[in-house]
Amino acid sequence: MRRISWGRWVAILLAAGCGGGDTGGPDGPDTTRNLAIQDGNNQTVAVGQPVGVPPSVRVTNSTGSGVSGVAITFAVASGGGTLTGGSQTTNAQGVATVGGWVVGTAPGANTLTASIQGTSSSVTFTATAAAGAPATLEKAAGDGQTAAVKTAVAVKPSVRVLDQHGNPVASATVVFSVTGGGGSVAGGTQQTNASGVATVGDWILGPTDGANALSATVQGTALTAAVFAAIGKEVVLQPSQDTTLAAGTINLTRLVIPAGRTVTLAGDVTINADSVVEIAGKIVGDCRGLTVVSEQTVTVTGSIDNSCAVPGDTPPGLLIVGREGYLVTGTDSLATSGDGRITNDPDLSDEDFPDAVSPAAVRSRPVALAQQQQQGCRVVGKAFVTKPVRAKIGANGKTGGNGADAKTWTLSCRGADLDLGAGVRVLGQDGGHGGVGADLNGDPGDARGGNGGKGGLIRVLAKTGRVIFSGAVQITSGDGGDGGDARATAVASKAGQKAAGAKATGGNGAEPGLVQVIGEQGIVGGQNLTIILGSGGRGGDAEADGANGVPGRAPAGSDREQDGGDAEAIGGVGAGSPANQFRITGNAGGMPTLQGGDGRRGGNATATAGNGSFAPTEEVPDGGHGGAIKATGGEGGHARATFPPPVGGLIGDGGDGGFARFLAGIGGDGWNDCGVEPKQGGAGGNGGDATGADGVGGTGFFAGDDGNVFVETAGNGGKGGNGQPVGAGGLAGADGITVNGNRTDVEPAFEPGVPGNPCAPAPKLFVSLTEILFNHIVGESPCPTLGPPLIYRNDGDEAIEVQSQVVGTSLYQVGSAGTGVLQPGQQRTVPHSFNCAQARSVAAELVISVKPVGSAAPPVVQRIPVTVNTQTRALKLNHAVGGFSAGTVIPLANITGAVRVAAHPPFCAYEHVHEAVPGSGIRIQGGAPVLDPEPTGCGFGEVVLMTLPPP
């Protein structure tokens, strides 16, 4: 082992501690040289500027100690920058720092390398050159344009911001502002993008023809503004001939429709005008919405009609806005199917029409007409109409649909007087009627009429101004719609103890429209105003028919035949005028004339309960009970509208109450058992109970009359059956009817049924015919023969009384021999005939009633069916012949000169018509001759002989 002296170790340690050159270890010097970035990497600096921290490197040996005295070379690798002090030597800590590094003048990455001289060891520094401060502002696009006034230019103006080296400056704040022409900007403050470009949101030119200017400045700099120029041009629509406007929004400077010109709307149209609007001609459009808005004034001397021939559920309306006022004059009308509104401020809303009437509404504060200074809103001689005159009617059905509410007319003005001159008429629309409710043959029947729609509202408002009636003005509010009628009938022949019932409810009438006149600064010339208040709608009528009980339909084991079905009818309530139907708000000078405002009648109610079935067989001997009846007439409408104070008092008359009609509900008759061995007769069914009331008349200036009650054979018990002993009569139904008006019992009502009659010897009448049948071809055969004679014979032991009656037709008749007394063993031939002069098919009955002479017992009845089949002959041409097409049917009565012959097989399959004289042709009355060129008679093609019912 090599020995080192103590002095030598000390020298080595001192050298290491001082960071000096590498002297190596005991085995020799350390030659390792590691190069690394010390500081100054990844900096950002403006183009052409030195980096803030000069790049430096450090050289270390294998133990990580800095090595001094190492030569380092710095060099620009990319970006075009420059450096100073590129050759450096590491210091005692092994660090070498470049003298200075200035990045290039183009934005982007710059790189610098540092290497140990004489080796390949190197490192790379990166710096980012960013654009410099704004130095230049230039226009990029959008200068020198022309556009319509009050519209945005097509190309949005934009500017470009550059630094001193011409590089785009991003994120600079640019402010665009209008400096000429009175336009406006949207998005006036913008940031430049990566290309140094900033673009205004929109530049809207001013409202007048001429030059417009827009400047752009860079915020925080003194750079000269970039100025854009544009020319605004007015857009005027003034058609020189009739024209059509497509659907959409049209922005104009002015709208002028000359007299004699018609503008047709092809869709919903909105017209916005910066200047005046003058409509002297016509605007028409079937069910097309129209909005006209002028920033100045609107003058309408012509007509507008955008009403619907067939209005739907939401017909489009009409809105005219003149922000600086309007003049609507002339004898033509403004008509729409939707809401109509004329105003100088479309922001006026429902909140400006309070429901409450001002306490000062009728305090007189006379204002002379000469004081009218403002003419901002004026209407003279015009009619405002809603078409059609009635809103949409509800659909019919089991439950009728409700009628539509009528539309509204509004005339309003803010900040000026609203002057209505002579001849002005505002006509409110009537509410739609409710649809008819019908449930026929229901199980049970249940029908409801629809309710009526409200009448049209008329509103006149001067917000912060006066309403002036400078001439005769008439305002008419719409009537309320009527409630729909209801008809319910129960299905017949339903099985069960009780036949099907029925309920019908009429729809309610609707209130009329209101009239509101509000002048916040007073009302002038009120004596020139006539207001005709609409009337309420009537209540719908209701008619309910319960089914009659049918024999044999009661369930097995029942002690009586089927009961009649119940019936309930409720008439709709008539509507009247509300108390505040006329609302006038503002100190008034002069009292208007008020008319109308009547209530309408309540709906009538007719309830027909089913009768209980009679008992036709011994198995179920008792008759069914009559059905219960309930009929309630509708209440008449109340006319509550009043004259304003100090006059006071009601205006309209009250409506009449609806009547209530009660029918049927009669118990069925019991079984008659007077056979060979008479038995007890069946009990009659009980009469049905009846409840309900007629309608109460409405209040008003004259109160409406209460309804009446009509009771017709209601609630009577059925007759007991004949027998030994006799059957008991049914009980009368309970009478729970309340009467407000008069009661009329047309026939005995709520009478108990009478007991049956004791049995008497049964009469014995022989009748030779059990069926009478006639077949008759009109015009071809004579009146049909009557076949076997009709013979009556008394086969009993006592004289009988016979009555004969034909039911169902007057064409078949029985002679007087069919009525009278027949002695025992006497026989009589009864003449009978058929009237051919009134040819038609008949289904009738010959009813023969027989009882012993002087007997009080009911007669024995025989029923013989009578059937008459009446037909007529006709030709059917089965291909085109003459002036007639295939399939034409021609009655023989319309053909002359023709005879009918048999078919000619194999040529013809049907009977045909030939000429009566060969070559003469067959003439059809009113038509051309029809020739038959072939002797076989088949030249017509198929001519079918048919039998048809007579015409």
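Residues numbered from 1 in each chain as written. Predicted model: local features only at pLDDT ≥ 70, side-chain atom pairs only at ≥ 80, totals over all residues. Heavy atoms only, no water.

A. Spatial organisation of the packing of aromatic side chains. Evaluated as defined, the whole model comprises three aromatic pairs. A ring pair is formed by Phe384 and Trp409, whose centres lie 5.3 Å apart and whose planes are at 65°; its orientation type is edge-to-face. Of the two residues, Phe384 sits in strand β37 (residues 383-386) while Trp409 sits in strand β38 (residues 409-414), which places them 25 residues apart along the sequence. No difference in accessibility class separates Phe384 from Trp409, as the two residues are buried. Their ring planes at 90° and their centres at 4.9 Å tell us that Phe701 and Phe702 sit as a pair that is edge-to-face. Phe702 carries the same exposure label as Phe701, and that label is exposed. The lysine or arginine in question, Lys139, covers the ring of Phe228, its NZ or CZ lying 5.9 Å from the ring centre. (Phe/Tyr/Trp six-rings, centres within 6.5 Å; stacked < 30°, edge-to-face > 60°. Helix = DSSP H or I, 4+ residues; strand = E, 2+ residues; numbered from the N terminus. Buried < 20%, exposed > 50% of the residue type's maximum accessible area, 1.4 Å probe, protein only. Lys NZ or Arg CZ within 6 Å of the ring centre and 35° of its normal.)

B. Representation of the sheet that holds strand β43 (residues 458-463) in the model. If you walk across this open sheet you meet the nine strands as β23-β26-β29-β32-β35-β38-β43-β48-β53, and the pairing is parallel. The open sheet is flanked by β23 (248-252) and β53 (582-585), the only strands paired with a single partner. Adjacent strand axes in the sheet meet at a mean angle of 5°, parallel and antiparallel pairs treated alike. (Pairing = 2+ DSSP bridges. Axes fitted to C-alpha atoms, helices over the stretch in contact; angles between N-to-C directions.)

C. Structural detail: the side chain of Arg583. Tracing the backbone shows Arg583 in strand β53. In this structure Arg583 comes out as buried when scored by relative accessible area, which is 8%. Of note is the side chain of Arg583, whose polar atom sits 3.0 Å from the backbone oxygen of Asn580. (Polar contact = N/O pair within 3.5 Å; in protein donor to acceptor, adjacent residues only side chain to side chain.)

D. How the structure looks around the nonpolar core. In this structure, Tyr326, Leu334, Ile342, Phe384 and Leu418 are the most contacted members of the largest nonpolar core, which totals 53 residues. The next biggest cluster of nonpolar side chains, apart from the first, holds 27 residues, and it includes Ala502, Ala544, Ala567 and Ile629. (Core = buried A, V, L, I, M, F, W, Y, C linked by side-chain atoms within 4.5 Å.)

E. Quick peek at the confidence of the model for the protein chain. Model confidence for the protein chain is summarised by a mean pLDDT of 86, while 85% of its residues fall at 70 or above. Note on residues 925-929: pLDDT is under 50 here. Beyond four places in sequence and across chains, it has five contacts. Within the model, pLDDT remains below 50 along residues 931-939, and this stretch shows 18 contacts once partners closer than five positions in the same chain are excluded. (pLDDT = per-residue confidence, 0-100. Contact = heavy atoms within 4.5 Å.)

F. Here's a closer look at the state of the cysteines. Under the criterion given, the structure shown has two disulfides. The partner cysteine of Cys287 in its disulfide is Cys308, sulfur to sulfur 2.0 Å. Between Cys287 and Cys308, the S-S torsion sits near 80°, and that sign places the bridge as right-handed. Taken as a pair, Cys287 in the loop between β28 (282-284) and β29 (290-294) and Cys308 in the loop between β31 (303-305) and β32 (318-322) lie far apart in primary sequence, 21 residues in all. Under the relative-accessibility criterion, Cys287 is labelled partly exposed at 24%. (Disulfide = S-S within 2.5 Å.)

G. Structural context of unusual backbone geometry. Looking along the chain, the bond that leaves Lys387 and enters Pro388 is cis, with omega of -5°. Topologically, Pro388 is positioned in the loop between β37 and β38. Gln724 connects to Pro725 through a cis peptide bond whose omega is -5°. Unlike most non-glycine residues, Asn441 shows phi in positive territory, near 60°. Considering the arrangement of structural elements, one finds Asn441 in strand β41 (residues 437-442). The phi dihedral of Ala664 falls on the positive side, at around 60°, and the residue is not glycine.

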